[in-house]
Amino acid sequence: MSRPALKLRSWPLTVLYYLLPFGALRPLSRVGWRPVSRVALYKSVPTRLLSRAWGRLNQVELPHWLRRPVYSLYIWTFGVNMKEAAVEDLHHYRNLSEFFRRKLKPQARPVCGLHSVISPSDGKILSFGQVKNSEVEQVKGVTYSLESFLGPRASPGDPPFPPATSHSSFRNQLVTREGNELYHCVIYLAPGDYHCFHSPTDWTVSHRRHFPGSLMSVNPGMARWIKELFCHNERVVLTGDWKHGFFSLTAVGATNVGSIRIYFDRDLHTNSPRYSKGSYNDFSFVTHANKEGIPMRKGEHLGEFNLGSTIVLIFEAPKDFNFKLKAGQKIRFGEALGSL
C-alpha cells in the first residue's frame, strides 16, 4: 500500500466512517483507503489507561452533601438493592470505590449446603457444561482455547497444573482421575451486582497466575463480538484441588475494573502501568512451611472487583456431575451451581 493510503487508514477517519450516515466516506476507497475493523478499532482504545484514571476518580472523597444524589443515580441506573447492604446509609460511603465494594448483611446470601459447588458471586450465567476439545464456551457459539486462557504448564519444579505426557491434550493434563470430566461455568457480574466473590467449594489454592492483558468490556454483547475476549483481558487464575481433583477460579478484569483483589495474596497488583503483552507471572502458595497451600471453605470471602466483571470456574468432577442452571439466568452468591 502506498504511503498516502497508509495515512488515510488513521483511526479518526475510521471513527467517522462508522458514525457518518449513507457511506459518506466510501469514495476514499478509490485512493486505497479502507476502514479498520470495528474489533481492531476497539482494541486500539487505551482501556488500561482509562481504567486507571477511573480508579483514581473513584477514590476521590465526595462531599457529604453530594453522596446521596450520586449514589442514588447509580442505584437507579443499575438496579442496586441497598436493603441487602450491611450499611444502607449512603452517607457512610466516602467515595465510589467504597460504594462499589459494599458488603452485604450476613443473612442476605445464605450458602447452600446441599450442593457441592455454589455460585461464588452474584451475576448472570453466560455458559456452563463440559469442556470439549480443550475449548471453553465464552457465550453460546463463541469459544476460546483452554490453554490460552489458563496459560501453559509452569516449570516441573512448580507446576500449577498436573503433569501430563507430551502427546496428551491440554484438557487431559488437568483431568487427574480416571472417569472424570472437565467442566466450566462463566458468570458475568453487572455493574449493579455485589462485587465481592467467594469460594465456590471446599478446596485448596496452590498457585496463582496473573495475566496483565487488556481491559476490554466483558458484557455478553462484547463477548459475542470479540473471539477469545477472556484470553485478551487481564485476569487472575487461581488453581488447586478439591475432593474430585483439579479446581480453578479465574477473575477476569474489564474496562474500569483494573483492580482485582485476592484477600490472601498481598503480592498481587493488577492493572500496573508496566504491561508486557502476552506476559504472565506465577506465584506458588506451596512453601516449605506450608506444603498444602491455602485452604478455602465453601462461601468464604475470596476477593473483590472494583466494578462488574466475570468469574470463570474450570474444574474436574465425575461424569455424573449435574449443573442446576439455565443459560442466561440470574444467580446470587451462595446459590447452587451443581452437584453429584
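Residues numbered from 1 in each chain as written. Predicted model: local features only at pLDDT ≥ 70, side-chain atom pairs only at ≥ 80, totals over all residues. Heavy atoms only, no water.

1. Focus on the pattern of salt bridges
The final tally for this structure, using the stated rule, is 13 salt bridges. Glu-304 serves as the salt-bridge partner of Lys-103, at 3.8 Å between the closest nitrogen and oxygen. Note that Lys-103 is positioned in the loop between helix H6 (96-100) and strand E1 (117-118) and Glu-304 in strand E13 (residues 301-305), a separation of 201 residues in sequence. Accessibility expressed as a relative area gives 36% for Lys-103, which makes it partly exposed. The buried category is assigned to Glu-304, whose relative accessible area is 4%. Between Asp-265 and Arg-208 there is a salt bridge, and its shortest N-O distance comes to 2.6 Å. Note that Asp-265 is positioned in the loop between strand E10 (260-262) and strand E11 (281-284) and Arg-208 in strand E7 (residues 203-211), a separation of 57 residues in sequence. Summarising the burial analysis for this pair, Asp-265 and Arg-208 share the class buried. Salt bridges here are not isolated pairs; linked through shared partners, they connect Glu-84, Arg-109, Asp-122 and Arg-332. (Salt bridge = Lys/Arg side-chain N within 4 Å of Asp/Glu carboxyl O. Helix = DSSP H or I, 4+ residues; strand = E, 2+ residues; numbered from the N terminus. Buried < 20%, exposed > 50% of the residue type's maximum accessible area, 1.4 Å probe, protein only.)

2. Focus on the environment of Phe-211
Considering the arrangement of structural elements, one finds Phe-211 in strand E7. Overall, the relative accessible area of 8% leaves Phe-211 in the buried class. Sequence separation of Phe-211 and Arg-235 is 24 residues, and the distance between their C-alpha atoms is 5.3 Å. With residues near it in sequence (within four places) discarded, Phe-211 still touches Phe-149, Leu-150, Gly-151, Asn-233, Glu-234, Arg-235, Val-237, Ser-279 and Tyr-280. (Contact = heavy atoms within 4.5 Å.)

3. Quick look at the sheet that holds E13
As summarised here, the arrangement of the three strands in space is E6-E13-E10, forming an open sheet in which the pairing is antiparallel. Both edges of this open sheet fall to strand E6 (196-198) and E10, since each of them pairs with a single strand only. Strand-to-strand, the axes of this sheet are offset by a mean angle of 20 degrees, without reference to chain direction. Of the strand pairs in this sheet, E10 and E13 are connected by three bridges, and their pairing is antiparallel. Considered in E13, the bridge of Ile-260 is made with Phe-305. (Pairing = 2+ DSSP bridges. Axes fitted to C-alpha atoms, helices over the stretch in contact; angles between N-to-C directions.)

4. What to know about the UniProt feature "modified residue: Pyruvic acid (Ser)" (unreviewed entry) in the protein chain
Annotation from UniProt places "modified residue: Pyruvic acid (Ser)" (unreviewed entry) at Ser-309. Within the element layout of this structure, Ser-309 appears in the loop between E13 and strand E14 (310-318). (UniProt positions renumbered as here; feature names shortened; annotations may be inferred.)

5. Some details on the pairing of E13
Where burial is concerned, most of E13 is hidden: four out of the five residues are buried. As paired elements, E6 and E13 share three bridges and run antiparallel to each other. Following the sheet pairing, Phe-197 is matched in E13 by Gly-303.

6. Observations regarding the UniProt feature "active site" (unreviewed entry) in the protein chain
As recorded in UniProt, the sites labelled "active site" (unreviewed entry) are Asp-122, His-198 and Ser-309. For this annotated set, covering 188 residues, all C-alpha atoms fall within 14.2 Å of each other, a compact arrangement in space. Judged by its relative accessible area of 5%, Asp-122 falls in the buried class. Setting aside anything within four residues of it in sequence, one finds Asp-122 in contact with Arg-109, Ile-187, Tyr-188, Leu-189, Asp-193, Tyr-194, Ile-331, Arg-332 and Phe-333. At 2.6 Å, the side chain of Asp-122 and the side chain of Arg-109 are in polar contact. Along the chain, the position of His-198 falls in strand E6. Dropping the residues within four chain positions of it, His-198 is found in contact with Pro-120, Leu-249, Gly-299, Glu-300, His-301, Leu-302 and Phe-333. (Polar contact = N/O pair within 3.5 Å; in protein donor to acceptor, adjacent residues only side chain to side chain.)

7. Focus on helix H5 (residues 64-78)
An ideal rise of 1.5 Å per residue puts 21 Å on 15 residues; H5 measures up with 22 Å between its terminal C-alpha atoms. By the burial criterion, the buried members of H5 are Arg-67, Tyr-71, Tyr-74 and Ile-75. Along the axis of H5, the buried positions cluster into a sector of 100 degrees, meaning they face one direction only. Exposed positions of H5 whose direction lies more than 90 degrees from the buried face are Trp-65, Leu-73 and Trp-76. Looking at the buried positions of H5, the neighbouring elements they touch are H6. One or two residues past the end of H5 sits Gly-79, with phi positive at roughly 70 degrees. (Expected span 1.5 Å × (residues − 1). Arc of directions from axis to C-beta.)

8. Some remarks on the sheet that holds E1
Judged by pairing direction, the sheet is antiparallel, and its three strands sit side by side in the order E1-E17-E15 without closing on themselves. Sheet topology places E1 and strand E15 (322-323) at the edges, where each strand pairs with a single neighbour. With two bridges joining them, E1 and strand E17 (residues 336-339) adopt antiparallel strand pairing. If you follow Val-117 over to E17, its bridge partner there is Gly-338.

9. What to know about the environment of Val-80
Tracing the sequence through the fold places Val-80 in the loop between H5 and H6. On the accessibility criterion, Val-80 (9% relative accessible area) is buried. Distance from Val-80 to Asp-193, taken between C-alpha atoms, is 6.9 Å for residues 113 residues apart in sequence.

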